[in-house]
Amino acid sequence: MPIREELPKYAGYVSARNIMPDHDAALADSVDLSWLREYGEQLIDYDPHRLNPGSPVRRREILGRYHVRPEPFAEANTVANAILGHFEKSMGIALIQ
């Protein structure tokens with residue numbers, strides 16, 4: 001039986017981050033995430049596990065996660081870190097970088 005390899009639909013780099021508080025806290029009463037749209041197709045996955053406004057959170061609790069796929073590799077990490085900074089401002093708490 002011959003082995004066939006199909007080329008991947010995308011060849012490149014992906015960077016991912018978990019959204020985790022740096023300390024026990026409570027999320028802001030209003031969490032605006034409309035800014036996520038500015039990342040367009042670079043943001044390929046976003047899963048908000050527990051981003052409930054006003055809710056208490058524990059240090060290192062995973063509140064959500066996301067993946068980005070910009071070009072080139074160095075930009076993947078830069079974009080992922082920038083998004084984490086936006087989450088910090090929107091949620092009103094310090095996150096683990």
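The preceding data block contains the structure.
Right, let's walk through the structure included here. This structure is a prediction, so every number in the text was calculated from the model and none was measured.

Calculation notes
Residues numbered from 1 in each chain as written. Predicted model: local features only at pLDDT ≥ 70, side-chain atom pairs only at ≥ 80, totals over all residues. Heavy atoms only, no water. Core = buried A, V, L, I, M, F, W, Y, C linked by side-chain atoms within 4.5 Å. Buried < 20%, exposed > 50% of the residue type's maximum accessible area, 1.4 Å probe, protein only. Helix = DSSP H or I, 4+ residues; strand = E, 2+ residues; numbered from the N terminus. Contact = heavy atoms within 4.5 Å. Salt bridge = Lys/Arg side-chain N within 4 Å of Asp/Glu carboxyl O. Phe/Tyr/Trp six-rings, centres within 6.5 Å; stacked < 30°, edge-to-face > 60°.

### Details of the nonpolar core
Judged by nonpolar contacts, the single largest core of 20 residues is most densely connected at I19, L63, Y66, I83, F87 and M91. Taken together, the elements giving at least two residues each to this core come down to β5 (64–68) and α1 (73–91). Of the residues forming this core, the biggest block, six residues, is contributed by α1. Beyond its immediate sequence surroundings of up to four residues, F87 is in contact with I19, L33, W35, L36, Y46, L51, Y66 and L95.

### Points about the pattern of salt bridges
Throughout the structure, instances matching the rule amount to four salt bridges. Its salt-bridge partner being D45, residue R65 comes within 4.0 Å of it at the nearest N-O pair. Here R65, found in strand β5, pairs with D45, found in strand β3 (residues 43–47); they are 20 residues apart in sequence, far enough to count as distant. With relative accessibility at 30%, the residue R65 sits in the partly exposed group. The partly exposed category is assigned to D45, whose relative accessible area is 29%. In this structure, the salt-bridge partner of R65 is D47, at a minimum N-O distance of 3.6 Å.

### Looking at the packing of aromatic side chains
Considering all chains together, one arrives at four aromatic pairs under this definition. Taking the centre distance of 6.3 Å and the plane angle of 85° together, the rings of W35 and Y39 count as edge-to-face. This pair shows no difference in class: W35 is buried, exactly as Y39 is. An aromatic cluster is present here, built from W35, Y39, Y46, Y66 and F87 joined pairwise through their rings.

Keep in mind that these numbers describe shape and distance, not what the molecule does.
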